[in-house]
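Survey of secondary and tertiary structure
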Amino acid sequence: MPDRKPSKGEKGGTVTREHGFATRAIHAGQKPDPSTGAVMPPIYQTSTYVQEAVGRHKGYEYARTHNPTRAALEACVASLEGVEHGIAFASGTAAIHAILTLLQAGDEVVAGENLYGGTHRLFEQVLRRFGLKFRYVDARDGREVAAAIGPATRMLYVETPSNPLMRLTDLSEMGGIARRAGCLFVVDNTFMTPYLQQPFEHGADLVVHSTTKFLNGHSDMVGGIVLARDAELEGRLRFLQNSVGAVPGPLDCWLALRGLKTLPIRMERTESNARRLAAFLAAHPKVEAVHYPGLPDFAQRELAVRQMKGFGGVISLELADGEAGRRFLKSLEVFQLAESLGGVESLCSHPGEMTHAAVPAAERERMGLMDRLVRLSVGIEDADDLEADLERALAAL
Ligand SMILES: *Cc1c(COP(=O)(O)O)cnc(C)c1O
C-alpha cells in the first residue's frame, strides 16, 4: 500500500492517496490559506513575488515558473490519477505539444487513428515540419500496433474511447507493447476522466487531459494538464512548461479546481443520463447506429467493462444521411449546437464539419468519420427533458 505521508505531488494538502476519490477531488493539494483561514485556495493573480534579499525568497520567483493556484490544481489532478506529478498548461493542445517536444527530430510516433481533430492537426501540420514522424494505426488491433513500431519509434499515443466513434483501445495490451518496444506510452484520458479510467494502472508513462472538458466541467475556461509518475519525466516537462511558457492563468486554474470538486457526482449523473439516452436512441427507428460503450451490444463490451468503471457521457449516432444529421442538429433545443464536450450542459455537434474539420476529407472517410455522424455530449440536466428533446428532433426528420 502507498505510504501514509502526503506525497510530494500533494504538498500543502493533508489528504493522502489512501483517501477516497471524492475526498481527494475536493481536498488534494489544498489546505486553508495560512494567512486568513480561507477555505478555498486564493487566486494568486500576480506576475512576481517580492524577495527579502537577493536570492532570499519563499520558493516563488516569477509566475511563469511558479504559481500557488496552479500548483494546487497540478497536485489535485495528479492525486486523482494516482501519481505524484502534474504539469498544467494553457490548453489541452499545449499540454499535448509539450509531451511531443520531449522527442527529437527523426523520432517516430505511433498513434491511434481517430484522434481528437486538433491533435491530428498539431501532429500533421505543426510537428511534422520539425522532423517528427507519425504513423496512424487502428489501435483496437494490438498486432497492427506492434507491427507499426519500428526502430525509430519513441512514443505510442492513444485516446480511448476514440473521438467521436467511441472505439476502445486495450490499455494493458498497449502498455505491454510500449514497454517491450522501450517507447513512452501516452494516453489522452479526457473523455473518461480519472474517475472512470486509470491509465497509469495499465502501464501509461504519461496521461494528458484537456481540463476544458469534464475535469472543469462548466464550459468556462480552457486548459490542459500532463500527469507523470516518473520524476525524470516530470523534470523535463517542468522545464518545457517554463521554457515554452504555455502556462494557464491562475483564475483558470482556480475554476478547474472548483469544477474538480464535483467531478464524481457530475460523472455519475452524466453517465446515468447518457445510458438512458443511448438506449432510447438505439431503439429508435430513425437512428441507424449508436456508438456508446454502455450499450449491451457494444462491439467491445468485454473490454469496456474490464477497463472502464463507467461509460461516460459522449454518444455518437448515425442518421440516414448528412442532410438528416444537419436537420436533427438544427431542431434540438435543450442540446445546444457547439463544439466541446464534458460540461454540465448538453451539447451536440457534427464532427465532420466542426471538431474534425481540420482533418482532410479523404482521411476522415478512411477513419469512418462519415457525414451522417452526429455527436452528443450529455450534460446533467433532467433526463426527461433531454430525451424529449431528442424525440422531438427525430420526429421532425
Ligand atoms: C478538447 C480535446 C483536446 C484539446 O484540448 P483543448 O483544451 O481544446 O486544447 C485534446 N484531446 C481531447 C480528447 C479533447 O476532447
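Residues numbered from 1 in each chain as written. Predicted model: local features only at pLDDT ≥ 70, side-chain atom pairs only at ≥ 80, totals over all residues. Heavy atoms only, no water.

Two measures define how a pair of helices packs: the angle their axes make with one another and the distance between the axes. Their axes nearest at 10 Å, the elements helix α3 (residues 92-100) and helix α4 (residues 117-126) cross at an angle of 40 degrees. When the axis of α3 is compared with that of α4, the two are oblique. In this structure, α3 meets α4 at a crossing whose hand is right-handed. Of α4, the residues touching α3 (which contributes Thr93, Ile96, His97 and Leu100) are Thr119, Leu122 and Phe123. (Axes fitted to C-alpha atoms, helices over the stretch in contact; angles between N-to-C directions. Helix = DSSP H or I, 4+ residues; strand = E, 2+ residues; numbered from the N terminus. Parallel < 35°, antiparallel > 145°, perpendicular 65-115°, else oblique. Left-handed = near helix turned anticlockwise from the far one by under 90°. Contact = heavy atoms within 4.5 Å.)

Here we come to the site of the ligand. Inspection of the region around the ligand gives 14 residues, with Thr93, Asp188, Ser210, Thr212 and Lys213 positioned closest. Contact between the ligand and Gly92: an oxygen atom at 2.9 Å from a main-chain N or O atom of the residue. Within the side chain of Asp188, one N or O atom sits 2.7 Å away from a nitrogen atom of the ligand. Protein chains shield 93% of the accessible area of the ligand, which is 380 Å² for the free molecule. With three residues, α3 is the largest single contributor of residues to the shell around the ligand. (Near = heavy atom within 4 Å. Polar contact = N/O pair within 3.5 Å; in protein donor to acceptor, adjacent residues only side chain to side chain. Areas by Shrake-Rupley, 256 points an atom, 1.4 Å probe, with all protein chains shown as cover.)

Further remarks concern the domain arrangement of the chain. In terms of domains, the chain is made up of domain 1 (11-260) and domain 2 (263-395). Summarising the inter-unit geometry, the C-alpha centres of domain 1 and domain 2 are found 26 Å apart. At the junction of the two partners, domain 1 supplies 43 residues and domain 2 supplies 42 residues. Of the roughly 3,500 Å² buried at the junction of domain 1 and domain 2 (both faces included), carbon and sulfur atoms supply 61%. (Domains from an automatic or database assignment. Buried area = accessible area lost by both parts, 1.4 Å probe.)

This next bit is on the environment of Asp252. Residue position: Asp252 is located in helix α9 (residues 250-260). Separated by 36 residues in sequence, Asp252 and Asn216 have C-alpha atoms that sit 9.3 Å apart. Once you skip the residues sitting within four places of it in the chain, Asp252 turns out to touch Met221 and Val222.

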